[in-house]
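In case you want the letters, here they are:
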Amino acid sequence: MIPAGSVFSHFQPRTNTGYWPVLCRTLLGSFLLSASLSAAHAADTGNSAAAGSQAPGEARPQWYTGSLVSPSGALSKAGVFAWEPYVSYNLPVGYLDSNGNSHPLHPRQQSVSNFTLYKYSITDSISIQVTPTISYLWKKKAGTSSGLKLGDLPVDLMWRYLDADPSRYIPALSVFAGVAFPTGDYQKLGRAEDGVGSGVYTFRLAFTEQSTYTLPGQHELRLRMWGTFRRALTTAHLHNVTSYGTDVGFRGTAQPGMYGESGFSLEFGINQKWVLAMDLARDWADGSHIKGRNPASSKIERIDRINSSSGDWLIAPAVEYNWSPRFGVIAGVSTYFAGHNTGFSVSPQVAFNSVF
(Lines give C-alpha, C1' and ligand atoms only; values in the text may rest on other atoms or scores of the structure.)
Protein backbone atom coordinates (compact mmCIF):
# COMPACT_ATOMS: atom_id res chain seq x y z
CA MET A 1 0.00 0.00 0.00
CA ILE A 2 0.90 3.62 -0.58
CA PRO A 3 0.00 6.66 1.48
CA ALA A 4 -3.32 7.61 -0.08
CA GLY A 5 -4.09 10.24 2.50
CA SER A 6 -0.96 12.18 1.65
CA VAL A 7 -1.05 12.20 -2.13
CA PHE A 8 -1.49 15.97 -2.32
CA SER A 9 0.40 17.03 0.79
CA HIS A 10 3.88 16.25 -0.53
CA PHE A 11 4.11 17.70 -4.03
CA GLN A 12 4.91 21.06 -2.41
CA PRO A 13 8.00 20.16 -0.41
CA ARG A 14 8.84 21.26 3.07
CA THR A 15 12.14 21.56 4.96
CA ASN A 16 14.22 19.46 7.27
CA THR A 17 17.92 18.88 6.72
CA GLY A 18 17.94 15.68 8.76
CA TYR A 19 16.70 13.35 6.05
CA TRP A 20 19.69 11.00 6.04
CA PRO A 21 19.58 10.41 9.84
CA VAL A 22 15.86 9.63 9.58
CA LEU A 23 16.48 7.14 6.78
CA CYS A 24 19.38 5.49 8.59
CA ARG A 25 17.39 5.19 11.81
CA THR A 26 14.55 3.60 9.88
CA LEU A 27 16.79 0.94 8.33
CA LEU A 28 18.59 0.26 11.60
CA GLY A 29 15.26 0.07 13.41
CA SER A 30 13.98 -2.55 10.99
CA PHE A 31 16.83 -4.91 11.87
CA LEU A 32 16.58 -4.24 15.62
CA LEU A 33 12.82 -4.80 15.68
CA SER A 34 13.16 -7.96 13.62
CA ALA A 35 15.77 -9.22 16.06
CA SER A 36 13.55 -8.45 19.04
CA LEU A 37 10.88 -10.72 17.54
CA SER A 38 13.29 -13.59 16.99
CA ALA A 39 11.44 -15.77 19.48
CA ALA A 40 8.61 -15.92 16.93
CA HIS A 41 8.58 -17.71 13.61
CA ALA A 42 9.33 -15.56 10.54
CA ALA A 43 7.66 -16.37 7.23
CA ASP A 44 8.29 -15.28 3.64
CA THR A 45 6.89 -11.96 2.48
CA GLY A 46 4.68 -10.43 -0.19
CA ASN A 47 1.08 -9.33 -0.63
CA SER A 48 -0.48 -12.74 -1.24
CA ALA A 49 0.27 -16.36 -1.93
CA ALA A 50 0.47 -15.56 -5.63
CA ALA A 51 3.20 -13.07 -4.83
CA GLY A 52 5.08 -15.47 -2.59
CA SER A 53 3.83 -14.23 0.77
CA GLN A 54 3.88 -17.50 2.71
CA ALA A 55 6.56 -19.91 3.78
CA PRO A 56 6.67 -23.10 1.66
CA GLY A 57 4.55 -25.86 3.09
CA GLU A 58 2.57 -23.61 5.46
CA ALA A 59 -0.69 -25.50 6.20
CA ARG A 60 -2.98 -22.48 6.54
CA PRO A 61 -1.34 -19.35 5.10
CA GLN A 62 -2.45 -15.92 6.28
CA TRP A 63 -4.04 -13.72 3.62
CA TYR A 64 -3.21 -10.01 3.48
CA THR A 65 -4.33 -6.96 1.56
CA GLY A 66 -1.69 -4.62 2.96
CA SER A 67 -1.97 -1.64 5.29
CA LEU A 68 -3.18 1.79 4.09
CA VAL A 69 0.16 3.61 4.10
CA SER A 70 3.09 1.17 3.97
CA PRO A 71 4.70 0.53 0.56
CA SER A 72 4.99 -3.13 -0.43
CA GLY A 73 8.22 -4.49 -1.90
CA ALA A 74 8.94 -6.19 -5.21
CA LEU A 75 6.70 -9.12 -6.16
CA SER A 76 8.19 -12.59 -5.70
CA LYS A 77 7.33 -14.31 -8.99
CA ALA A 78 7.99 -13.23 -12.58
CA GLY A 79 4.89 -12.41 -14.62
CA VAL A 80 2.64 -11.49 -11.66
CA PHE A 81 0.45 -8.39 -12.04
CA ALA A 82 -1.02 -6.52 -9.05
CA TRP A 83 -3.80 -3.94 -9.29
CA GLU A 84 -5.00 -1.87 -6.34
CA PRO A 85 -7.37 1.10 -6.70
CA TYR A 86 -8.03 3.43 -3.75
CA VAL A 87 -10.90 5.84 -3.24
CA SER A 88 -10.36 8.45 -0.53
CA TYR A 89 -12.04 11.58 0.78
CA ASN A 90 -9.77 14.24 2.28
CA LEU A 91 -11.25 16.63 4.86
CA PRO A 92 -8.89 19.34 6.19
CA VAL A 93 -9.36 19.90 9.92
CA GLY A 94 -6.98 22.74 10.72
CA TYR A 95 -3.46 24.12 10.55
CA LEU A 96 -0.46 23.42 12.81
CA ASP A 97 1.81 26.44 13.28
CA SER A 98 5.59 26.49 13.84
CA ASN A 99 5.07 25.55 17.50
CA GLY A 100 2.67 22.73 16.73
CA ASN A 101 -0.39 24.62 17.95
CA SER A 102 -3.66 23.94 16.14
CA HIS A 103 -5.65 26.68 14.39
CA PRO A 104 -8.92 26.55 12.44
CA LEU A 105 -8.67 26.49 8.66
CA HIS A 106 -11.25 28.26 6.46
CA PRO A 107 -12.14 27.77 3.72
CA ARG A 108 -11.21 24.08 3.64
CA GLN A 109 -10.05 22.56 0.35
CA GLN A 110 -11.69 19.15 0.30
CA SER A 111 -11.05 16.45 -2.28
CA VAL A 112 -12.08 13.05 -3.51
CA SER A 113 -9.37 11.06 -5.22
CA ASN A 114 -8.76 7.79 -6.99
CA PHE A 115 -5.22 6.53 -6.46
CA THR A 116 -4.42 3.30 -8.34
CA LEU A 117 -1.33 1.13 -8.01
CA TYR A 118 -0.26 -0.97 -11.01
CA LYS A 119 2.65 -3.34 -10.40
CA TYR A 120 4.22 -5.95 -12.67
CA SER A 121 7.07 -8.33 -11.81
CA ILE A 122 9.68 -8.44 -14.57
CA THR A 123 11.72 -11.12 -12.78
CA ASP A 124 11.43 -12.98 -9.48
CA SER A 125 13.06 -10.01 -7.71
CA ILE A 126 12.50 -6.95 -9.94
CA SER A 127 9.14 -5.19 -10.41
CA ILE A 128 7.94 -1.98 -12.03
CA GLN A 129 5.21 0.16 -10.47
CA VAL A 130 3.07 3.04 -11.77
CA THR A 131 0.74 5.01 -9.46
CA PRO A 132 -1.51 7.60 -11.19
CA THR A 133 -3.89 9.77 -9.16
CA ILE A 134 -7.12 11.39 -10.36
CA SER A 135 -8.84 13.89 -8.09
CA TYR A 136 -11.61 16.42 -7.76
CA LEU A 137 -11.17 19.37 -5.36
CA TRP A 138 -13.44 22.06 -3.94
CA LYS A 139 -13.67 24.80 -1.33
CA LYS A 140 -16.96 25.79 0.26
CA LYS A 141 -18.10 29.16 -1.09
CA ALA A 142 -14.75 29.54 -2.89
CA GLY A 143 -14.78 27.30 -5.95
CA THR A 144 -14.09 23.85 -7.37
CA SER A 145 -11.62 22.32 -9.75
CA SER A 146 -12.64 22.54 -13.40
CA GLY A 147 -13.07 18.77 -13.55
CA LEU A 148 -11.24 15.56 -12.73
CA LYS A 149 -7.52 16.34 -12.49
CA LEU A 150 -4.57 13.98 -13.11
CA GLY A 151 -1.67 14.56 -10.71
CA ASP A 152 2.04 13.94 -11.25
CA LEU A 153 2.80 10.39 -12.38
CA PRO A 154 5.34 8.32 -10.35
CA VAL A 155 7.08 5.39 -12.06
CA ASP A 156 9.30 3.21 -9.84
CA LEU A 157 11.60 0.26 -10.44
CA MET A 158 11.94 -1.93 -7.35
CA TRP A 159 14.46 -4.64 -6.53
CA ARG A 160 14.26 -7.12 -3.67
CA TYR A 161 17.96 -7.52 -2.94
CA LEU A 162 17.53 -9.79 0.10
CA ASP A 163 15.02 -12.63 0.31
CA ALA A 164 13.45 -13.61 3.60
CA ASP A 165 15.06 -16.57 5.37
CA PRO A 166 12.61 -17.88 7.99
CA SER A 167 15.13 -20.24 9.59
CA ARG A 168 17.53 -17.34 10.31
CA TYR A 169 14.85 -14.68 10.98
CA ILE A 170 16.05 -12.56 8.06
CA PRO A 171 13.42 -10.16 6.59
CA ALA A 172 12.93 -9.35 2.91
CA LEU A 173 14.59 -6.05 1.93
CA SER A 174 13.77 -4.02 -1.18
CA VAL A 175 14.96 -0.76 -2.72
CA PHE A 176 12.88 1.50 -4.98
CA ALA A 177 14.19 4.08 -7.45
CA GLY A 178 12.15 6.09 -9.88
CA VAL A 179 10.91 9.42 -11.18
CA ALA A 180 7.64 11.33 -10.80
CA PHE A 181 6.74 12.94 -14.13
CA PRO A 182 5.14 16.44 -14.05
CA THR A 183 1.79 15.50 -15.60
CA GLY A 184 -0.36 17.49 -13.15
CA ASP A 185 -1.55 21.06 -13.81
CA TYR A 186 0.53 23.57 -11.83
CA GLN A 187 0.63 26.94 -13.64
CA LYS A 188 -1.60 29.27 -15.71
CA LEU A 189 -4.51 27.98 -13.67
CA GLY A 190 -8.00 29.29 -14.27
CA ARG A 191 -8.84 28.16 -10.74
CA ALA A 192 -6.51 27.67 -7.79
CA GLU A 193 -8.21 24.32 -7.09
CA ASP A 194 -6.83 23.00 -10.41
CA GLY A 195 -3.27 23.02 -9.01
CA VAL A 196 -2.46 19.34 -8.40
CA GLY A 197 1.07 19.15 -9.87
CA SER A 198 4.59 20.30 -9.03
CA GLY A 199 5.89 21.16 -12.51
CA VAL A 200 9.17 19.29 -11.93
CA TYR A 201 10.67 15.85 -12.47
CA THR A 202 11.25 14.33 -9.03
CA PHE A 203 13.72 11.60 -8.11
CA ARG A 204 12.23 8.98 -5.78
CA LEU A 205 14.15 6.58 -3.52
CA ALA A 206 12.83 4.17 -0.89
CA PHE A 207 14.02 1.27 1.27
CA THR A 208 11.53 -1.25 2.68
CA GLU A 209 11.60 -4.16 5.12
CA GLN A 210 8.93 -6.82 5.47
CA SER A 211 8.66 -9.90 7.69
CA THR A 212 5.91 -12.08 9.15
CA TYR A 213 5.86 -13.76 12.56
CA THR A 214 3.65 -16.41 14.13
CA LEU A 215 2.39 -15.41 17.58
CA PRO A 216 0.84 -17.64 20.26
CA GLY A 217 -2.58 -18.93 19.20
CA GLN A 218 -1.42 -19.22 15.56
CA HIS A 219 -2.03 -15.53 14.85
CA GLU A 220 0.19 -14.01 12.16
CA LEU A 221 1.81 -10.59 12.62
CA ARG A 222 3.29 -8.85 9.59
CA LEU A 223 5.76 -6.00 10.07
CA ARG A 224 6.78 -3.44 7.47
CA MET A 225 9.26 -0.59 7.92
CA TRP A 226 10.27 1.96 5.33
CA GLY A 227 12.15 5.15 4.60
CA THR A 228 11.59 7.32 1.52
CA PHE A 229 13.41 10.30 0.02
CA ARG A 230 12.32 12.68 -2.78
CA ARG A 231 14.30 15.41 -4.56
CA ALA A 232 13.36 17.64 -7.49
CA LEU A 233 15.56 17.19 -10.57
CA THR A 234 14.37 20.30 -12.43
CA THR A 235 12.96 23.77 -11.77
CA ALA A 236 9.33 24.75 -12.32
CA HIS A 237 8.67 27.83 -14.46
CA LEU A 238 5.69 29.73 -13.09
CA HIS A 239 3.17 32.00 -14.79
CA ASN A 240 0.14 33.60 -13.13
CA VAL A 241 -1.89 31.47 -10.67
CA THR A 242 0.03 28.32 -9.72
CA SER A 243 -0.01 25.46 -7.25
CA TYR A 244 2.74 27.33 -5.35
CA GLY A 245 0.30 30.05 -4.26
CA THR A 246 1.22 32.76 -6.77
CA ASP A 247 -1.30 35.22 -8.25
CA VAL A 248 -2.24 36.63 -11.66
CA GLY A 249 0.70 38.43 -13.27
CA PHE A 250 3.43 36.49 -11.49
CA ARG A 251 6.46 35.38 -13.51
CA GLY A 252 9.24 33.32 -11.99
CA THR A 253 10.49 29.92 -10.92
CA ALA A 254 10.07 27.45 -8.07
CA GLN A 255 12.54 24.90 -6.76
CA PRO A 256 10.78 22.36 -4.52
CA GLY A 257 12.68 21.32 -1.42
CA MET A 258 13.58 17.76 -0.47
CA TYR A 259 11.07 15.69 1.41
CA GLY A 260 10.43 12.15 2.61
CA GLU A 261 8.79 9.79 5.04
CA SER A 262 9.69 7.01 7.47
CA GLY A 263 7.40 4.69 9.36
CA PHE A 264 6.23 1.21 10.22
CA SER A 265 3.06 -0.83 9.95
CA LEU A 266 1.66 -3.84 11.80
CA GLU A 267 -0.95 -6.28 10.47
CA PHE A 268 -2.45 -8.74 12.94
CA GLY A 269 -4.33 -11.76 11.60
CA ILE A 270 -7.50 -12.45 13.59
CA ASN A 271 -8.07 -15.44 11.32
CA GLN A 272 -7.13 -16.31 7.76
CA LYS A 273 -9.49 -13.74 6.21
CA TRP A 274 -9.74 -10.91 8.75
CA VAL A 275 -6.76 -8.67 9.58
CA LEU A 276 -6.34 -5.56 11.76
CA ALA A 277 -3.82 -3.04 10.37
CA MET A 278 -2.14 0.10 11.71
CA ASP A 279 0.42 2.51 10.23
CA LEU A 280 2.49 5.13 12.01
CA ALA A 281 4.57 7.50 9.85
CA ARG A 282 6.63 10.67 10.13
CA ASP A 283 6.76 13.11 7.17
CA TRP A 284 9.26 15.93 6.74
CA ALA A 285 9.88 18.46 3.97
CA ASP A 286 12.00 21.45 3.05
CA GLY A 287 10.22 24.57 1.87
CA SER A 288 10.12 25.39 -1.83
CA HIS A 289 12.26 28.29 -3.09
CA ILE A 290 10.19 30.75 -5.12
CA LYS A 291 11.76 33.56 -7.18
CA GLY A 292 10.15 36.02 -9.56
CA ARG A 293 8.28 39.24 -10.09
CA ASN A 294 4.70 40.08 -9.22
CA PRO A 295 2.94 43.28 -10.37
CA ALA A 296 1.65 45.20 -7.35
CA SER A 297 -0.44 48.22 -8.47
CA SER A 298 2.02 50.68 -10.09
CA LYS A 299 5.27 48.92 -9.19
CA ILE A 300 6.93 45.54 -9.68
CA GLU A 301 7.34 43.47 -6.53
CA ARG A 302 10.37 41.19 -6.56
CA ILE A 303 9.95 37.91 -4.72
CA ASP A 304 12.72 35.68 -3.44
CA ARG A 305 11.58 33.50 -0.55
CA ILE A 306 12.02 30.02 0.88
CA ASN A 307 8.90 28.62 2.49
CA SER A 308 9.18 27.29 6.03
CA SER A 309 10.11 23.66 6.64
CA SER A 310 7.36 21.41 7.92
CA GLY A 311 6.69 17.96 9.31
CA ASP A 312 3.85 15.84 10.60
CA TRP A 313 2.93 12.55 12.25
CA LEU A 314 0.36 10.28 10.63
CA ILE A 315 -1.61 7.32 12.01
CA ALA A 316 -3.85 5.07 9.93
CA PRO A 317 -5.89 2.24 11.52
CA ALA A 318 -7.78 -0.09 9.16
CA VAL A 319 -9.52 -3.45 8.77
CA GLU A 320 -8.77 -5.93 5.98
CA TYR A 321 -10.98 -8.69 4.61
CA ASN A 322 -9.50 -11.21 2.16
CA TRP A 323 -11.81 -13.74 0.55
CA SER A 324 -8.97 -15.54 -1.26
CA PRO A 325 -5.16 -15.39 -1.52
CA ARG A 326 -5.54 -13.10 -4.55
CA PHE A 327 -8.38 -10.74 -3.65
CA GLY A 328 -9.03 -8.52 -0.66
CA VAL A 329 -10.36 -5.17 0.50
CA ILE A 330 -9.20 -2.72 3.16
CA ALA A 331 -11.06 0.20 4.74
CA GLY A 332 -9.82 2.70 7.30
CA VAL A 333 -8.92 6.30 8.00
CA SER A 334 -5.64 8.20 8.06
CA THR A 335 -5.15 11.36 10.10
CA TYR A 336 -2.36 13.74 11.08
CA PHE A 337 -2.16 14.17 14.83
CA ALA A 338 0.99 16.29 15.34
CA GLY A 339 3.41 18.44 13.37
CA HIS A 340 4.45 21.98 12.49
CA ASN A 341 3.87 24.39 9.60
CA THR A 342 1.39 22.09 7.95
CA GLY A 343 -2.30 21.50 7.52
CA PHE A 344 -3.78 18.38 9.05
CA SER A 345 -6.73 16.40 7.81
CA VAL A 346 -8.85 13.27 8.19
CA SER A 347 -9.02 10.93 5.21
CA PRO A 348 -11.42 7.95 5.13
CA GLN A 349 -10.45 5.52 2.36
CA VAL A 350 -11.10 2.11 0.91
CA ALA A 351 -9.00 0.01 -1.47
CA PHE A 352 -9.42 -3.22 -3.39
CA ASN A 353 -6.34 -5.43 -3.88
CA SER A 354 -5.99 -8.08 -6.57
CA VAL A 355 -3.08 -10.19 -7.81
CA PHE A 356 -3.06 -12.09 -11.12
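Look up a bit, the structure's there.
Residues numbered from 1 in each chain as written. Predicted model: local features only at pLDDT ≥ 70, side-chain atom pairs only at ≥ 80, totals over all residues. Heavy atoms only, no water.

Trainee: In this structure, what is going on with the overall build of the protein chain? I would like to understand it.
Mentor: Along the protein chain, the regular secondary structure elements total one helix and 22 strands. Here the protein chain holds 356 residues, and 52% of them are scored as buried. Surface accessibility of the protein chain: about 15300 Å² in total, with carbon and sulfur atoms responsible for 61%. (Helix = DSSP H or I, 4+ residues; strand = E, 2+ residues; numbered from the N terminus. Buried < 20%, exposed > 50% of the residue type's maximum accessible area, 1.4 Å probe, protein only. Areas by Shrake-Rupley, 256 points an atom, 1.4 Å probe, with all protein chains shown as cover.)

Trainee: What exactly am I supposed to notice about unusual backbone geometry here?
Mentor: Excluding glycine, most residues fall at negative phi; most peptide bonds, likewise, are trans. One non-glycine residue, Lys188, lies in positive phi territory at about 50°. Mapped onto the fold, Lys188 is located in the loop between strand E11 (172-181) and strand E12 (202-215). Although it is not a glycine, Gln218 sits at a positive phi angle of roughly 60°. Assignment of secondary structure puts Gln218 in the loop between E12 and strand E13 (219-232). Assessed through its relative accessible area of 67%, Gln218 is described here as exposed.

Trainee: Honestly, the nonpolar core in this entry has me stumped. Any pointers?
Mentor: Core analysis: the largest hydrophobic core is formed by 15 residues, its most contacted members being Leu68, Val69, Tyr86, Leu314, Ala318 and Ile330. Examining the composition of this core, we find that three residues originate from one element, strand E20 (residues 310-322), more than from any other. Among the nonpolar cores identified, the runner-up in size contains ten residues, and Tyr186, Ala236, Leu238 and Phe250 belong to it. (Core = buried A, V, L, I, M, F, W, Y, C linked by side-chain atoms within 4.5 Å.)

Trainee: What's the story with a nonpolar patch on the surface in this structure? I'm lost.
Mentor: Together, Phe81, Trp83, Tyr118, Tyr120, Ile122, Ile128, Leu157 and Phe356 line one region of the surface with nonpolar side chains, adding up to about 720 Å² of accessible area. Within the fold, Phe356 resides in the segment after strand E22 (342-355). Taking relative accessible area as the criterion, Phe356 reaches 48% and is therefore assigned partly exposed. (Patch = residues over 30% accessible without salt bridge, like charges linked within 9 Å, V, L, I, M, F, W, Y side chains within 5 Å. Salt bridge = Lys/Arg side-chain N within 4 Å of Asp/Glu carboxyl O.)

Trainee: What exactly am I supposed to notice about the packing of aromatic side chains here?
Mentor: Here the distance between the centres and the angle between the planes together describe a pair of aromatic rings. One pass over the full model with this rule turns up eleven aromatic pairs. Geometrically, the ring pair formed by Trp159 and Tyr161 is tilted, given 5.6 Å between the ring centres and 50° between the ring planes. On the basis of relative accessible area, Trp159 is assigned to the partly exposed category, the value being 45%. Its relative accessible area of 36% is what places Tyr161 among the partly exposed residues. Measuring from ring centre to ring centre gives 5.7 Å for Phe181 and Tyr201, while their planes differ by 80°; the resulting arrangement is edge-to-face. Note that Phe181 is positioned in strand E11 and Tyr201 in the loop between E11 and E12, a separation of 20 residues in sequence. Phe181 sits in the partly exposed class, given a relative accessible area of 35%. The structure contains a cluster of three or more aromatic residues connected by ring pairs, namely Trp83, Trp274, Tyr321, Trp323, Phe327, Phe352 and Phe356. (Phe/Tyr/Trp six-rings, centres within 6.5 Å; stacked < 30°, edge-to-face > 60°.)

Trainee: Teacher, can you tell me more about the pairing of E22 here?
Mentor: Pairing between strand E3 (residues 81-96) and E22: ten bridges, direction antiparallel. Directly across from Leu96, in E22, lies its bridge partner Thr342. The pairing of strand E21 (residues 327-340) with E22 spans nine bridges and is classified as antiparallel. Pairing of Val329 across the sheet is with Phe352, part of E22. (Pairing = 2+ DSSP bridges.)

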